[in-house]
Amino acid sequence: MQSQHIMRSFDEELRFLANQIGAMGGYAERMVDEAVAALVGGDVALARKVIEDDLYLDLKEREIGEKAVVIIAKRQPMAADLREIVGAIRISGDLERIGDLGKNIAKRVVAVTEARQPTRLFRGLSSLTELALTQLKEVLDAYATRSAEKIGFVRDRDEEIDAMYTSLFRELLTYMMEDPRNITACTHLIFCAKNIERIGDHATNIAETVFHIITGTTMPPERPKVDQSHKIIATVPAAQGGK
Amino acid sequence: MQEEQGAARRLLKAAGERVARFGPVLVAAAAALLLLDLYLGGTGLGAALAVLVLIVVAMLFPERQEKRGAEERIDGGARLIETLPATDLAAAVQDPLYIFDEAGGVVYANRAASAAFGPAVPGLSLQLKFRAPEMHDFIARAIEGVNGDLAIDYVERVPFERAYRVSATPIGEGTRLFVLLFKDQSEARRIDRMRADFIANASHELRTPLASIAGFIETLRGPARDDAKAREAFLQIMHDQTGRMARLIDDLLSLSRLEAKPYGRPGEKVDLRLLIGGVRDALAHLAKESGVTIELDIPDTPLEVAGHRDELVQVFENLLENACKYGSSGGRVVVSAGGGGPGEERTVTVTDFGPGIAEEHLPRITERFYRVDVETSRAQKGTGLGLAIVKHILTRHGARLSIRSKLGEGSSFTVHFPPP
Ligand SMILES: Nc1ncnc2c1ncn2[C@@H]1O[C@H](COP(=O)(O)OP(=O)(O)O)[C@@H](O)[C@H]1O
Ligand SMILES: [Mg+2]
C-alpha cells in the first residue's frame with residue numbers, strides 16, 4: 001500500500017522509512033503480547049497466528065534494508081541523515097530478532113499446555129512480559145518523539161527486568177523440585193522467561209541506536225549507582241489482591 | 001420510499017398551512033376574480049386559472065420569506081465561526097485529537113492528546129507513534145481516502161490498559177489535512193473485563209451444592225442403601241440442591257449487572273427461621289467435614305422479612321460456609337436471631353470461635369476477590385467472592401452487614417434487615 005507512494009522529497013523518503021519501522025514495531029509488540037497471552041491462556045490458535053506473523057517481520061526487515069541502500073546510493077546523505085538511515089537498518093534488525101523470540105515462545109505453547117498447568121506458574125512470566133513490553137514501548141515512543149531525555153531510564157528498567165528474571169528462574173526451580181510433574185512445563189517456561197529477558201536486551205539496543213540518531217553521540221555506558229534503595233524489584237504490591 | 005412519501009407529505013402540509021393562513025385574503029381575491037370574469041362575460045375558466053396562480057404564489061412567497069429569516073438568524077454566529085482559528089476549536093475538544101497531513105505527520109495535537117500520549121514534536125509520524133497493526137493500516141487508509149471503517153478500537157496494554165474508539169476524517173475539501181479523534185472507552189472495557197472475571201471465578205459457587213449432592217449420592221450407595229426413610233429425605237435435599245444450582249447460574253449472570261443497577265426492593269415474604277434451618281441442613285456435610293457443630297439460637301416465633309428466598313439462602317450459606325471453613329478451629333458455630341417486634345429491625349448473627357480477622361482487613365473483606373490469606377482461601381476452594389455476593393444481595397434488600405472480630409477469639413457477621 002505504502003510502496004505505491006511516489007517519492008518526492010528526501011524528507012518524505014526518511015518519513016517512509018520511519019513509518020516502516022513503526023509498522024514493524026507494532027507487529028513485534030503485538031507478537032510478544034500475543035505469544036505470552038497464548039501461553040498463559042493455552043490458546044494454540046493464537047500461538048499459530050504469532051508464528052505466521054513472524055514472516056511479516058522478516059519481509060519488512062529485508063524491505064527496509066533494500067530501501068535504505070537505495071536511498072543512500074541516490075542521495076549520498078551526510079551526518080544526521082546518514083545516522084537516521086543506518087539507525088533504521090539497525091532498529092529493524094533488533095525488531096526482527098524480537099519477533100523471532102516471540103515466535104519461539106509461541107512454539108512452546110503446545111508443549112506447555114498439553115497438561116493444564118496451575119496459574120501460579122504463569123503469574124511471574126506475565127509481569128516480566130509487562131515490564132519488557134513497557135520498555136519496548138517507551139523506546140519506540142522515544143524514537144517517534146525524538147526525545148533523548150527519556151532514554152536514560154531504559155538502563156534502569158533493564159536492570160529491573162534482569163532482577164525479575166532471576167527471581168522468576170528461582171521460583172520455577174522450586175516448582176520443579178516440589179513436584180516432578182512440573183518439570184517439563186517449567187523448563188519451557190524458563191526458556192520463555194529467558195526469551196523475554198532477551199527482548200529487554202534488544203529494546204536496550206534500540207535505545208542506544210535511537211540515542212545515537214538523535215544526539216550523534218553514544219549513550220554513556222553505565223551510570224554510577226548512587227542510591228539502590230529506591231529500586232522496586234518485585235512489582236505487584238500485596239494490596240493488589242483486593243481488587 | 002417511505003421517507004420520500006413522508007417528505008412529500010410534510011411539504012404539502014406546510015403549503016396547506018400557508019394557504020390556510022392567507023385563507024380570507026385568498027377567498028376574497030378568488031371571489032373578486034370570479035365576479036369580474038363573469039361580469040366581463042367569461043366562463044369562469046380565466047378566473048379559475050388566475051386563482052390557481054394566486055394560490056401557488058401564496059404557497060411559495062412566504063417560504064422565501066421564512067428562509068431569509070433563518071439565514072439572518074444564523075448569520076451572526078457564522079461570521080464568528082468563519083474567522084475562528086481551527087486550533088481554538090481543536091483545543092476546546094476534551095478528547096485527544098490530532099490534525100495530520102497526508103504524509104501522516106502531526107500538524108497539531110490538542111492538550112488532551114499530549115496528556116494522554118505524551119508531547120507531540122513537530123512532524124511526529126503518527127504511524128510510528130501509533131504502531132499497532134490495525135491503527136497503522138487505519139491511518140494509511142484514511143490518508144489514501146479508501147473507504148474502510150469509519151472508526152476502530154485501539155487498545156494500549158502497557159504501562160496500564162487504556163482503550164479508545166478512534167476515528168479519522170478528512171478536514172474540509174482539498175486541505176489534505178485530517179483529524180484523528182480518540183474517544184476513551186477504558187471505563188466500559190474495565191466493566192466488561194470485571195464481569196467476565198466475575199462470572200468465570202464465581203462459577204465456583206456451583207461446586208458447593210455439587211459437592212453436597214455428590215456426598216449424598218455416596219451415602220445413598222453406601223451406608224444408607226437400604227434405609228428407605230433416609231433415601232427419601234436425601235433425595236428431597238438433592239432435588240432442592242439441583243434446583244438451586246440452576247437458579248444460582250441465573251443469579252450469577254444477573255449479579256454481574258447488579259453493581260451498576262440497584263434493584264427495587266423485593267416483595268416476597270420470607271420466614272428466616274425456616275430458611276436458616278434449610279441452610280444448616282444443606283451445609284451439614286461441610287460442617288461435619290470441618291469438625292464443626294452448628295447451633296441455632298432462634299426464637300420460636302416467625303421471623304419474616306421481604307426478600308428473594310434464593311438470594312437470602314445464598315447470603316446465609318456464604319456466611320455459614322465461611323464460619324465453618326475459616327472458624328473451624330473453634331469447633332462450633334452459632335446462628336442467632338433477634339428483633340422481630342413491630343417496627344424493629346430483624347437481625348441474624350453468625351458467630352464462630354476461630355482465629356478471627358485482623359482489624360485492617362475488616363473494611364475490605366467484602367470487596368471482590370479480597371482474601372485475608374490467599375493460601376488458606378485457596379485451600380478452602382474460596383475465590384474471594386462469597387462476601388461480595390453477600391453484600392450485593394443485602395444491598396438489594398435494603399439490608400446491611402456488620403462484622404465484629406477479635407484476633408484469637410472469633411468473628412461474628414450480623415445481617416440487619418429493615419423493619420417490614
Ligand atoms: N468467619 C471468618 N473467619 C475468618 N476469616 C474469614 C471469615 N469469613 C471470611 N473470612 C476471610 O474473608 C475472605 C473473603 O471471604 P469470601 O468473600 O467468602 O471469599 P472466599 O471464602 O471465597 O475466600 C476469606 O478469604 C477469609 O480470608
Ligand atoms: Mg467464602
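Residues numbered from 1 in each chain as written. Chains lettered and ligands numbered in written order. Predicted model: local features only at pLDDT ≥ 70, side-chain atom pairs only at ≥ 80, totals over all residues. Heavy atoms only, no water.

### Observations regarding the overall build of chain A
Scanning chain A from terminus to terminus reveals seven helices and zero strands. Overall, chain A shows an N-to-C arrangement of helices and strands of α-α-α-α-α-α-α. Taken over 243 residues, chain A has a buried fraction of 49%. Residue pairs in contact within chain A that sit at least 24 positions apart in sequence constitute 82% of those at least 6 positions apart. In the form shown here, chain A has an accessible surface area of approximately 12,000 Å², with 57% of it arising from carbon and sulfur atoms. (Helix = DSSP H or I, 4+ residues; strand = E, 2+ residues; numbered from the N terminus. Buried < 20%, exposed > 50% of the residue type's maximum accessible area, 1.4 Å probe, protein only. Contact = heavy atoms within 4.5 Å. Areas by Shrake-Rupley, 256 points an atom, 1.4 Å probe, with all protein chains shown as cover.)

### Some remarks on the pattern of salt bridges
Residue and element names in this part refer to chain B. Counting across every chain of the model gives 27 salt bridges over all chains. With its nearest N and O atoms 3.0 Å apart, the salt bridge here joins Arg-165 to Asp-153. Note that Arg-165 is positioned in strand E4 (residues 162-170) and Asp-153 in strand E3 (residues 151-156), a separation of twelve residues in sequence. When its relative accessible area of 47% is taken as the criterion, Asp-153 is described as partly exposed. Here Arg-162 makes a salt bridge to Glu-156, at a shortest N to O gap of 2.7 Å. For Arg-162, a relative accessible area of 13% corresponds to the buried category. (Salt bridge = Lys/Arg side-chain N within 4 Å of Asp/Glu carboxyl O.)

### Structural notes on the nonpolar core
Counting residues in hydrophobic clusters, the biggest one holds 94 residues, and the most contacted among them are A:Leu95, B:Tyr98, B:Met135, B:Leu180 and B:Phe182. Of all the elements, helix H7 (residues 183-215) of chain A adds the most residues to this core, at 14 residues. Core analysis: the next-biggest nonpolar cluster, separate from the first, contains 38 residues, B:Leu286, B:Val305, B:Val315 and B:Val348 among them. (Core = buried A, V, L, I, M, F, W, Y, C linked by side-chain atoms within 4.5 Å.)

### Quick notes on the sheet that holds strand E7 (residues 293-297) of chain B
Residues and elements named next belong to chain B. Strands sit in the order E7-E9-E10-E12-E11 across an open sheet of five strands; the sheet is mixed. Both outer strands of the open sheet, E7 and strand E11 (400-406), are each paired with one neighbouring strand and no more. Between one strand axis and the next, the sheet turns by 15 degrees as a mean value, whatever way the strands run. As paired elements, E7 and strand E9 (residues 332-338) share five bridges and run parallel to each other. (Pairing = 2+ DSSP bridges. Axes fitted to C-alpha atoms, helices over the stretch in contact; angles between N-to-C directions.)

### Re the side chain of A:His202
All names here are of chain A. With respect to the helices, strands and loops of the structure, His-202 is situated in helix H7. Judged by relative accessible area, which is 13%, His-202 ranks as buried. In terms of polar contacts, His-202 uses its side chain to reach the side chain of Asp-94, at 2.9 Å. Excluding residues that lie within four positions of it along the chain, His-202 makes contacts with Asp-94, Arg-97, Ile-98 and Leu-101. (Polar contact = N/O pair within 3.5 Å; in protein donor to acceptor, adjacent residues only side chain to side chain.)

### Considering the packing of helix H6 (residues 153-178) of chain A against H7(A)
Residues and elements named next belong to chain A. Their axes nearest at 10 Å, the elements H6 and H7 cross at an angle of 175 degrees. When the interaxial angle is binned, H6 and H7 end up roughly antiparallel. Looking at side-chain class alone, the contact of H6 with H7 contains 14 nonpolar, three polar and seven charged residues. (Parallel < 35°, antiparallel > 145°, perpendicular 65-115°, else oblique. Nonpolar A, V, L, I, M, F, W, Y, C, P; charged D, E, K, R; others polar.)

### Observations regarding the packing of aromatic side chains
All names here are of chain B. All told, the structure shown has 14 aromatic pairs over all chains when counted by the stated rule. When the centroid spacing of 5.0 Å and the interplanar angle of 90 degrees are considered together, the rings of Phe-117 and Phe-130 count as edge-to-face. Of this pair, Phe-117 sits in helix H5 (residues 111-117) while Phe-130 sits in the loop between helix H6 (126-129) and helix H7 (133-144), and the two are 13 residues apart along the sequence. The exposure class assigned to Phe-130 is buried, which follows from its relative accessible area of 0%. Ring centres of Phe-130 and Tyr-154 lie 5.7 Å apart, and the angle between their planes is 85 degrees; this geometry places the pair in the edge-to-face category. A residue pair is termed long-range when its members are at least 10 positions apart, and Phe-130 in the loop between H6 and H7 and Tyr-154 in strand E3 qualify at 24 residues. (Phe/Tyr/Trp six-rings, centres within 6.5 Å; stacked < 30°, edge-to-face > 60°.)

### What about the packing of helix H13 (residues 309-326) of chain B against helix H15 (residues 386-396) of chain B?
All names here are of chain B. At a minimum axis separation of 9 Å, H13 and H15 run at an interaxial angle of 145 degrees. Relative to H15, the crossing made by H13 is left-handed. Between H13 and H15, the residues in contact are Glu-311, Gln-314, Val-315, Asn-318, Leu-319 and Asn-322 and Gly-386, Leu-387, Ile-389, Val-390, Ile-393, Leu-394 and Arg-396, respectively. In the contact of H13 with H15, the residues fall into seven nonpolar, four polar and two charged. (Left-handed = near helix turned anticlockwise from the far one by under 90°.)

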